[in-house]
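As a plain string of letters, each chain reads:
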Amino acid sequence: MRVVTTAQPLDVQPTPLALLLLGREADPRSERGVECPGDLPAPSDPDLVARARAAKEKLGDKVFILGHHYQRDEVIEFADVTGDSFKLARDAAARPDAEYIVFCGVHFMAESADILTGDDQQVILPDLAAGCSMADMATAEQVAECWDVLTEAGIAEQVVPVSYMNSSADIKAFTGKHGGTICTSSNAKRALTWAFEQGEKILFLPDQHLGRNTAVRDMGMSLDDCVVYNPHRPNGGLTTEQLRAAKMILWRGHCSVHGRFSLDSVEDVRARIPGVNVLVHPECKHEVVAAADYVGSTEHIIKTLEAAPRGSKWAIGTELNLVRRLANRFAAEDKEIVFLDKTVCFCSTMNRIDLPHLVWALESLAADKTVNRIEVDKETESFAKLALERMLALP
């Protein structure tokens, strides 16, 4: 006999994370942004460039525009300085007379600029939705829970947190409060060396690849010295014995751009371009870094190509906007520069800062209307600044 039943509605409540992913809730303590208020100029407006120039000219010395290397060319054109995240934050701090710091980058970068600039300066992010997927992978609540796990394992007193610059102000503050330091991709080895002088173990946040590559490639540790803490699993997915045995406790985070490059990418480009030099960012996977000829930060990549001989060939493993810009810049020197992967991959959140958003922000400021100001609360700022100052004091 066939039995027909009537389906009853399930009493299931969506989790906060599910609502966030569905766009139905907001998390003010994460890097995820929101839509900007106000009407943006149409992206097809033929007068956008002229409008940007006019607004910037009207603002004069009141505005200082920072452009991260991964930004679109149309945005970089209006930047007063370009660089990586920490260089730009320092550049902002070096301009105390600028009333407005317009940061063409992502949210955590603007937070760092706010931490390092004066109280009378306003840091503006043209699109609040320009976040960072890597920074999103470590929230303050998750890291606090991780510290509880380390405490229960009896090792918290031995652990020194080291957080990558690509992290939220909350994570930087956690790091400062627990005796740790910040690092960049340029000084990660120095930061880890300092941290091991303070304790026996390191909790590295939030990019597992930079932590692993620095520990193994630059400091001579083994892969067995590293474990990966997964915040979405009980106890981080690790046993107490694994935590106690590890020297490097790596947060399970990664860059969505650099994480795409694979060993196949390296092997393919070597087959296609005989004599090519493979140069990658240390946020790439360990096997990619191990197979590359050169490894370094964004600034290191630029300087390496500047010093490269004429006629040399390079495959670059970093964000596509920068690679294209470098290829165009050095074409006259007969340097062949290609993107490491065949798949086009921009930093999608960085690309949210486009010319319409920049024009809207500049015109709003020129009309004495402050928009999209990034402000870090004083307690968070004090501990985050402490961690940043420890980095600045590194030998």
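Because the structure is predicted, anything quoted here is derived from the model rather than measured.

## A word on the pattern of salt bridges
So, step 1. What the rule picks out here adds up to 16 salt bridges.
So, step 2. One connected set of salt bridges, linked through shared partners, spans D45, R51 and E363.

## Focus: the nonpolar core
Nonpolar side chains tend toward joint burial in soluble globular proteins.
So, step 1. Grouped together as the largest cluster of nonpolar side chains are 109 residues, with contacts concentrated most on V102, F204, M248, V280, L305 and I337.
So, step 2. No other element matches helix α16 (residues 355-366), which puts 8 residues into this core.
So, step 3. Setting aside chain neighbours within four positions, we find F204 in contact with V162, C183, L192, L210, G211, M248, I249, L250 and W251.

## Focus: the packing of helix α14 (residues 298-307) against helix α15 (residues 320-329)
So, step 1. Taken N-terminus to C-terminus, the directions of α14 and α15 make an angle of 15°; their axes are 11 Å apart at the nearest point. Regarding the angle of α14 to α15, the classification is roughly parallel. Here α14 and α15 pass one another in a crossing that is right-handed. Note on element contacts: α15 touches α14 through L322, L326 and R329, opposite T298, I301, I302, L305 and E306.

## Thoughts on helix α10 (residues 208-218)
So, step 1. Judged by how many residues are buried, α10 sits mostly within the fold: 9 of 11 residues are covered.
So, step 2. Taken together, the buried positions of α10 are Q208, H209, L210, G211, R212, N213, T214, A215 and V216.
So, step 3. N-cap assignment for α10: the residue whose side-chain oxygen lies 3.2 Å from the backbone N of H209 is D207.
So, step 4. Downstream of α10 by a residue or two, G220 has a phi angle that is positive, lying close to 75°.

## Here we look at unusual backbone geometry
So, step 1. For the bond from L205 to P206, the omega torsion is -20°, close enough to zero to count as cis.
So, step 2. You will see that N235, though not glycine, has its phi angle at about 60°, which is positive.
So, step 3. Tracing the backbone shows N235 in the loop between β8 (226-229) and α11 (240-245).
So, step 4. For D334, which is not a glycine, the phi torsion comes out positive at approximately 60°.

## Quick word on the confidence of the model for the protein chain
So, step 1. Per-residue confidence for the protein chain gives a mean pLDDT of 89; residues scoring 70 or more make up 90%.
So, step 2. Predicted confidence for residues 16-28 stays below pLDDT 50, and this span has 9 contacts to residues more than four positions away or in other chains.
So, step 3. Within the model, the stretch residues 30-35 combines pLDDT values under 50 with 18 contacts to residues more than four positions away or in other chains.

## Re the sheet that holds strand β2 (residues 81-83)
So, step 1. Across the sheet, which stays open at both edges, the 4 strands sit in the order β2-β1-β3-β4 with parallel pairing between neighbours. Two strands in the sheet have a free side with no partner beyond their single neighbour: β2 and β4 (122-124). Taken over all neighbouring pairs, the strand axes of this sheet differ in orientation by 25° on average, direction set aside.
So, step 2. One ladder, built from 3 bridges, connects strand β3 (residues 100-104) with β4; its direction is parallel. Looking across to β4, one finds that V102 is bridged to I124.

Calculation criteria
Residues numbered from 1 in each chain as written. Predicted model: local features only at pLDDT ≥ 70, side-chain atom pairs only at ≥ 80, totals over all residues. Heavy atoms only, no water. Salt bridge = Lys/Arg side-chain N within 4 Å of Asp/Glu carboxyl O. Core = buried A, V, L, I, M, F, W, Y, C linked by side-chain atoms within 4.5 Å. Buried < 20%, exposed > 50% of the residue type's maximum accessible area, 1.4 Å probe, protein only. Helix = DSSP H or I, 4+ residues; strand = E, 2+ residues; numbered from the N terminus. Contact = heavy atoms within 4.5 Å. Axes fitted to C-alpha atoms, helices over the stretch in contact; angles between N-to-C directions. Parallel < 35°, antiparallel > 145°, perpendicular 65-115°, else oblique. Left-handed = near helix turned anticlockwise from the far one by under 90°. Polar contact = N/O pair within 3.5 Å; in protein donor to acceptor, adjacent residues only side chain to side chain. pLDDT = per-residue confidence, 0-100. Pairing = 2+ DSSP bridges.

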